[in-house]
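Structural overview for review
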Amino acid sequence: MPHAIVEDFLLGKDSLAPHLRKGDIVIDGGNSFFKNSMDLSKKLAKKGITFFDCGTSGGVWGERNGFALMVGGPKAQWKKIEPVIQTLSAGDNYALLGEAGAGHFAKMVHNGIEYGMMEAIGEGYAVLEASKFKYNLKDVTRVYQKGSVVRSWLIDLCRNIFETENFKKVSGKIDANGEAEWTVKTAKELKVDVRVIADSLKVRKESASSKNQKKFSNKMVALMRKQFGGHEVHKK
């Protein structure tokens, strides 16, 4: 469910509210803003309903391999939902991380990190592509995949990109869901320097202009989003 409609779905007009009873448990498995989750937890608690926020990562691959699940909510009720969370995970990549909001906060930061990592990978490949060496980027990626410091799932997905995608037909317009912007704003409130995440967010906003849609690095980031999350890639 899109995070923007979670509260209205639970408490608004024609919502789930009339069907909820004291003692029920609600789990928001989307990636909502953590402050909204904290507020929603308090509202539901007044009705005797327990709320857990569950940040979910794994994209379209999670259904097959298990999701990474970051949960916030009351420890006293955790054992009631842990079997459900464990079943949806890959086995041990889940945790109750704290009180209400903690799960969505951790997922928000996760997505901020993701923005920075993807931008760095995209820019690195853009440098390789622009060099005089005429690299076969699939071969470079195969070397990066094993034993290198930068080996990762994102690098594995880059191998898929170079084997299956036609860059001439892809636009470098990169969509964004909002979590990195939340990370940057929250970091400012906490007086934490997150310049890499902030710059990667800026790049995504700038990708809306036609001149930036030609950038190889932007195309790489857009295609990585497609690979892990099934996100739409704009065509030229």
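Structure shown above.
Quantities reported herein were computed from a predicted structural model and do not represent experimental measurements. (Residues numbered from 1 in each chain as written. Predicted model: local features only at pLDDT ≥ 70, side-chain atom pairs only at ≥ 80, totals over all residues. Heavy atoms only, no water.)

1. As for the pairing of strand β4 (residues 89-98)
Pairing of strand β3 (residues 67-72) with β4 involves five bridges; the strand directions are parallel. Bridge assignment links L69 to a residue of β4, and that residue is Y94. Regarding the hand of the β-α-β motif, the stretch spanning β3, helix α4 (residues 78-88) and β4 is right-handed. (Pairing = 2+ DSSP bridges. Helix = DSSP H or I, 4+ residues; strand = E, 2+ residues; numbered from the N terminus. Right-handed = clockwise from strand over helix to strand, strands pointing away.)

2. Concerning the sheet that holds β3
What the four strands build is an open sheet, ordered β1-β2-β3-β4; its pairing is mixed. Two strands close off the open sheet at either side, each with one partner strand: β1 (25-28) and β4. Neighbour-to-neighbour, the strand axes of the sheet open up by a mean angle of 25°, direction not taken into account. Direction of pairing for β1 relative to strand β2 (residues 50-57): parallel, over a ladder of four bridges. In the sheet register, D28 faces β2, and the bridge partner there is D53. Its contacts with the sheet place α4 against β1, β2, β3 and β4, and it is angled at close to 145° to β4. Sheet strands touched by helix α5 (residues 102-130): β1, β2, β3 and β4. Its angle to β2, the strand with the most contacts, is close to 15°. (Axes fitted to C-alpha atoms, helices over the stretch in contact; angles between N-to-C directions. Contact = heavy atoms within 4.5 Å.)

3. Overview of the pairing of β3
The sheet contact formed by β2 and β3 spans five bridges and is antiparallel. Following the sheet pairing, T56 is matched in β3 by L69.

4. Quick notes on helix α6 (residues 137-145)
Counting along an α-helix, one turn takes 3.6 residues, and residues three or four places apart therefore face a common direction. Those residues of α6 lying buried are L137, V140, T141 and Q145. The buried residues of α6 occupy an angular sector of 140° when projected down its axis, which confines them to one face. As for α6, its buried residues are in contact with α5, α7 (153-164) and α10 (216-229). Two to three positions downstream of the cap, the backbone nitrogen of K138 sits 3.0 Å from a side-chain oxygen, assigning the N-cap of α6 to N136. Positive backbone phi, approximately 85°, marks G147, located one or two places after α6. (Buried < 20%, exposed > 50% of the residue type's maximum accessible area, 1.4 Å probe, protein only. Arc of directions from axis to C-beta. Polar contact = N/O pair within 3.5 Å; in protein donor to acceptor, adjacent residues only side chain to side chain.)

What is shown is where atoms sit, not what they do.
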